[in-house]
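Residue-level structural notes
Listed here are the chains, written in short residue letters.
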Amino acid sequence: HEMAALNNTSVVVYAAKDLRLVNREMPVPGPNEVLLKMHSVGICGSDVHYWQHGRIGDFVLQEPMVLGHEAAGTVCAVGASVTHLVPGDRVAIEPGVPRENDEFCKNGRYNLSPSIFFCATPPDHGSLCRYYTHSASFCYKLPDNVSYEEGALVEPLSVGIHACRRAGVSLGSYVFICGAGPIGLVCLLVAKGMGAAKVVITDLSSERLAKARELGADFVLLSGAGSEAEASLGGPQDMARRVAECLGGTPPDISIECTGAEACVQASIYATRSGGVLVLVGMGPKLMTLPILNAAVREVDIRGVFRYCNTWPMAIAMLASRHVDVQPLVTHRFPLSSALEAFEVTRQGKGIKVMIKCDPDDEQP
Ligand code: NAD
Ligand code: ZN
């Protein structure tokens, strides 16, 4: 009888290089929580990183942890105090839930709250499982014309929204994006959605640049910065010059760095117009050598980006209005039972977004 309760198939990382599909207990929602039957969960680079290294910077795996934080599902039970959701509601899940009402929360920047709960960041479990409980206030109802996969993609899309807001993208902006991985691509989608006139995007991979073109990039540039191809394609200052050339000789107002590579941060500083803004989304080495005096004397504002805050309602509205289309980001789908294979495909850098279908009775998008 005890075994019967263990029917919650979950993707759990035990330690570096040790990923398992295990049956965990069915969770019970607290008064302010909902129980969700998970539908679609995207795999993020950070999930793969915890699997490969057992840590990301100061976040170190101490105990087995369920992965996953890009998720959507259906409400199947609600806690006693929940009033805005009912069983049957389809929702997108915001994975970061503040634990205390500190100064960061009070001023709206709750992503900076140091004690925040965050799915699949140790010690907090993620949502890559069949049944999952989450704070009801951080579950957002999906309109009928927004699919579960689009709901799951609100998470990476939110990184793009927050980055573009921090960068001040607006009507007519000229934008340079470094990196055409999932995050660079969502920044591209959001920048175009916010009215950017021209977006130039760079990557080492011509395949990823082809995807960027498909998603609306005005110009794509193959990068050599920091790679073996550097000799032929040039260094950071050459990249900055090529970016301005694409834009008809005008440097971009805004650069969005989405690789974390030192050479790319350097190129982003050189590329940004005097008085412009560079936002750092990519997470690379702790210390970097940067042309900081160049940024200082040209008044290039360098701003950090940490996840997002206050983005889910806007993202869902953008998707429902069809103003932004995230569906082409999904290149692979696997049932939950094949999750280990899905992680291997992601690790190999194949495609863009790999989706896990957690409901064996509904594997539609
Ligand atoms: P990714 O690894 O899939 O994409 C990075 C892309 O950068 C790749 O396509 C790669 O080819 C390209 N690249 C690497 N070196 C390059 C170079 N020298 N020139 C041009 N392109 C280069 O990763 P992702 O999922 O797209 O995430 C991008 C970055 O954003 C990562 O560093 C990740 O940790 C970070 N991230 C930050 C936040 C945040 O809150 N700030 C949130 C999510 C992800
Ligand atoms: Zn992520």
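Structure: above.
Here is a short report on the structure shown in this document. (Residues numbered from 1 in each chain as written. Chains lettered and ligands numbered in written order. Predicted model: local features only at pLDDT ≥ 70, side-chain atom pairs only at ≥ 80, totals over all residues. Heavy atoms only, no water.)

1. Observations concerning the packing of helix α4 (residues 148-167) against helix α11 (residues 312-320)
Relative to each other, α4 and α11 sit at 110 degrees, their axes nearing to 9 Å. The pairing of α4 with α11 is recorded here as roughly perpendicular in orientation. Regarding α4 and α11, the two cross each other, and that crossing is right-handed. Contact residues: Glu 150, Val 154, Glu 155, Leu 157, Ser 158, Ile 161 and Arg 165 in α4; Trp 312, Met 314, Ala 315, Ile 316, Met 318 and Leu 319 in α11. (Axes fitted to C-alpha atoms, helices over the stretch in contact; angles between N-to-C directions. Helix = DSSP H or I, 4+ residues; strand = E, 2+ residues; numbered from the N terminus. Parallel < 35°, antiparallel > 145°, perpendicular 65-115°, else oblique. Left-handed = near helix turned anticlockwise from the far one by under 90°. Contact = heavy atoms within 4.5 Å.)

2. With respect to the side chain of Thr 133
Along the chain, Thr 133 falls in strand β11 (residues 131-135). Setting aside its immediate chain neighbours within four residues, Thr 133 contacts Pro 27, Val 28, Pro 29, Glu 33, Val 34 and Leu 35.

3. Side note on the pattern of salt bridges
Inspection of the entire model under this criterion finds 16 salt bridges. Across the salt bridge formed by Lys 37 and Asp 359, the nearest N and O atoms sit 3.6 Å from each other. Here the residue Lys 37 occupies a position in strand β3 (residues 33-42), and Asp 359 occupies one in the segment after β20 (353-357), the gap between them amounting to 322 residues. A relative accessible area of 8% means that Asp 359 is categorised as buried. The partner of Arg 322 in a salt bridge is Glu 150, with the nearest N and O atoms 2.9 Å apart. Note that Arg 322 is positioned in the loop between α11 and β19 (330-335) and Glu 150 in helix α4, a separation of 172 residues in sequence. A residue is classified by how much of its surface remains accessible, and Arg 322, at 39% relative accessible area, is partly exposed. Residue class for Glu 150 comes out buried when judged on its relative accessible area of 2%. Three or more residues are tied together by salt bridges with common partners; here these are Glu 149, Arg 333 and Lys 357. (Salt bridge = Lys/Arg side-chain N within 4 Å of Asp/Glu carboxyl O. Buried < 20%, exposed > 50% of the residue type's maximum accessible area, 1.4 Å probe, protein only.)

4. Looking at the pairing of β3
Walk down a regular strand and you will see the side chains alternate between the two sheet faces. Burial of β3 is extensive: eight of the ten residues sit out of reach of the surface. As defined by bridge partners, β3 adjoins β11 across five bridges and the pair is classed as antiparallel. Bridge pairing in β11 places Glu 33 opposite Ser 135. One ladder, built from eight bridges, connects β3 with strand β7 (residues 70-78); its direction is antiparallel. (Pairing = 2+ DSSP bridges.)

5. Brief notes about the coordination of the zinc ion (ligand 2)
Distances from the zinc ion (ligand 2) to its protein donors, Cys 44 (SG) and His 69 (NE2), fall within 2.1 to 2.3 Å. Here Cys 44 is found in the loop between β3 and α2 (45-53), whereas its partner His 69 is found in the loop between β6 (65-66) and β7, with 25 residues between them in sequence. Each member of the pair, Cys 44 together with His 69, is buried. (Donors = N, O, S within 2.8 Å, 3.2 Å for Na, K, Ca; no water.)

6. Some points on the sheet that holds strand β13 (residues 174-178)
Spatial ordering of the open sheet is given by β15-β14-β13-β16-β17-β18, a layout of six strands whose pairing is parallel. At either margin of the open sheet sits one strand with a lone partner, and together these are β15 (219-222) and β18 (301-304). Put simply, the sheet's adjacent strands are angled 20 degrees from each other on average, direction ignored. Where β13 lies against strand β16 (residues 254-257), four bridges are found, and the strand directions are parallel. Note that in β16 the partner of Ile 177 across the bridge is Ile 256. Docked against the sheet, α4 engages β16, β17 (277-280) and β18, running at close to 150 degrees with respect to β17.

7. Focus on the sheet that holds strand β1 (residues 8-15)
Pairing is antiparallel in the open sheet, where three strands are placed in the order β2-β1-β6. Edge positions in the sheet fall to β2 (18-24) and β6, since each has one partner strand and no second. The pairing of β1 with β2 spans seven bridges and is classified as antiparallel. Counterpart to Asn 8 in the pairing with β2 is Arg 24. Relative to β1, α2 is tilted by about 55 degrees, and along the sheet it contacts β1, β2 and β6.

8. Here we look at unusual backbone geometry
In this chain, Pro 122 is followed by Pro 123 through a cis amide linkage whose omega measures 5 degrees. As for its placement among the helices and strands, Pro 123 is situated in the loop between β10 (117-118) and β11. One non-glycine residue, Ala 120, lies in the positive phi region at around 60 degrees. Structurally, the position occupied by Ala 120 is in the loop between β10 and β11.

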